[in-house]
Amino acid sequence: LCNGYDVFLTKEPTAFEAMALVHSRVRRVVFGVSDEGMGGLGGVAKSKNGLNTGIHALPGTNHHYRSFRLNDVFDSDVVNR
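These numbers come from a predicted model, not from an experiment.

S.K.: What is the right way to read the sheet that holds strand E3 (residues 66-69) from this model?
M.R.: For sheets, the rule is that strands pair by backbone hydrogen bonds, running either parallel or antiparallel. Here three strands make up an open sheet; going across it, the order is E1-E2-E3 and the pairing parallel. The sheet terminates laterally at strand E1 (6-11) and E3, the two strands that pair on one side only. On average, each strand axis in the sheet is inclined to that of its neighbour by 20°, with strand direction left out of account. Summarising the sheet, strand E2 (residues 28-33) and E3 pair through four bridges and their orientation is parallel.

Structure, rendered in structure tokens:
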């Protein structure tokens, strides 16, 4: 288990990767670029009221972690190459 670990990523994790982070029990995930096509931390998922909801905040999971997106740190053109 990765209790207390912080994960730093260039791109938002997919739903599968976000759930693996739930199972790993990380403390925080920090990523640079949102992935509107496959993002699991709010890039794709929509709740019933239209707000972005990520895998890390689903009420049925037994662990939650905080996620942060860094807005102006990464240029998406560079990351998508």
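S.K.: Would you take a moment to explain the pattern of salt bridges for this structure?
M.R.: Here the idea is simple: oppositely charged side chains can pair when their charged atoms come close. One pass over the full model with this rule turns up two salt bridges. Salt-bridge contacts for Asp6 lead to Arg27; the nearest nitrogen and oxygen are separated by 2.9 Å. Separated by 21 residues along the polypeptide, Asp6 in strand E1 and Arg27 in the loop between helix H1 (15-24) and E2 bring together distant segments of the chain. When its relative accessible area of 42% is taken as the criterion, Arg27 is described as partly exposed. As a salt-bridge pair, Arg28 and Asp6 come within 2.9 Å of each other at their nearest N and O atoms. Of this pair, Arg28 sits in strand E2 while Asp6 sits in strand E1; the two residues are 22 residues apart in sequence, bridging distant segments of the chain.

S.K.: Looking at this structure, how should I read the pairing of E1?
M.R.: When a strand is regular, its side chains alternate between the sheet's two faces. For E1 and E2, the ladder comprises five bridges, and the chain directions are parallel. Residue pairing for E2: Phe8 is matched across the bridge by Val30. Crossover handedness for the path E1 to H1 to E2: right-handed.

Thresholds, definitions, all that
- Residues numbered from 1 in each chain as written.
- Predicted model: local features only at pLDDT ≥ 70, side-chain atom pairs only at ≥ 80, totals over all residues.
- Heavy atoms only, no water.
- Pairing = 2+ DSSP bridges.
- Helix = DSSP H or I, 4+ residues; strand = E, 2+ residues; numbered from the N terminus.
- Axes fitted to C-alpha atoms, helices over the stretch in contact; angles between N-to-C directions.
- Salt bridge = Lys/Arg side-chain N within 4 Å of Asp/Glu carboxyl O.
- Buried < 20%, exposed > 50% of the residue type's maximum accessible area, 1.4 Å probe, protein only.
- Right-handed = clockwise from strand over helix to strand, strands pointing away.

Functional significance is not addressed by these values, which are geometric in nature.
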